[in-house]
Amino acid sequence: QVHLVESGGGLVQAGGSLRLSCAASGSIFSIDYMAWYRQPPGKQREFVAEVFDDSRQQYAGSVKGRFAISRDNVKNMVYLQMNSLKPEDTAVYYCNAQIRTTTYTSNTYWGQGTQVTVSS
């Protein structure tokens with residue numbers, strides 16, 4: 001059994017910063033990638049950023065230069081530093097990871113989400 005738990009969401013004014021954290025726990029052999037997605041009100045879930053086990057990173061164009069993803073492979077955690085926040089960043093942010101529970105068994109997991117609200 002594997003769980004992802006996010007924390008760090010909240011209310012912030014436009015131009016401010018927030019740092020999200022996500023902890024993976026359970027029967028973890030290795031983690032291929034860890035990522036953040038978000039779902040704005042009334043819209044579909046969308047990709048934000050991801051970091052692979054070799055530290056390669058990818059970002060959505062809308063957050064590039066403002067958000068930074070990082071990973072702690074010892075603690076099985078991923079972080080999202082969000083700077084210069086805009087009202088359009090308001091969304092429920094979800095942690096996502098592809099985790100191997102054995103050498104040959106890999107599944108994708110989701111956290112429960114954390115709300116980020118940016119006021120104008």
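In what follows, the structure referred to is the one given above.
For the structure given in this document, a descriptive report is provided here. (Residues numbered from 1 in each chain as written. Predicted model: local features only at pLDDT ≥ 70, side-chain atom pairs only at ≥ 80, totals over all residues. Heavy atoms only, no water.)

**What about the state of the cysteines?**
In plain terms, the rule: To count as a disulfide, a pair of cysteine sulfur atoms needs to be within 2.5 Å. Secondary structure follows DSSP: runs of H or I at least 4 residues long count as helices, runs of E at least 2 residues long count as strands, and numbering of each begins at the N terminus. Note on exposure labels: buried denotes an accessible area under 20% of the residue type's maximum, exposed denotes more than 50%, and partly exposed covers the range between, all computed with a 1.4 Å probe on protein chains only.
For the coordinates displayed, the defined rule picks out one disulfide. The disulfide partner of Cys22 is Cys95, and the gap between their sulfur atoms is 2.1 Å. Negative torsions about the S-S bond denote left-handed disulfides, and the value of about -85° found for Cys22 with Cys95 makes this one left-handed. In this pair, Cys22 sits in strand 3 (residues 18–26) while Cys95 sits in strand 9 (residues 91–100), placing the two residues 73 residues apart along the sequence. Relative accessible area serves as the criterion here: at 0%, Cys22 is assigned to the buried category.

**Let's talk about the side chain of Ser21**
To keep it simple, the criterion reads: The contact criterion used throughout is that any non-hydrogen atoms of two residues lie within 4.5 Å.
Looking at the secondary structure, you find Ser21 in strand 3. Leaving out residues up to four positions away in the same chain, Ser21 has contacts with Val5, Glu6, Ser7, Trp36, Met77, Val78 and Tyr79.

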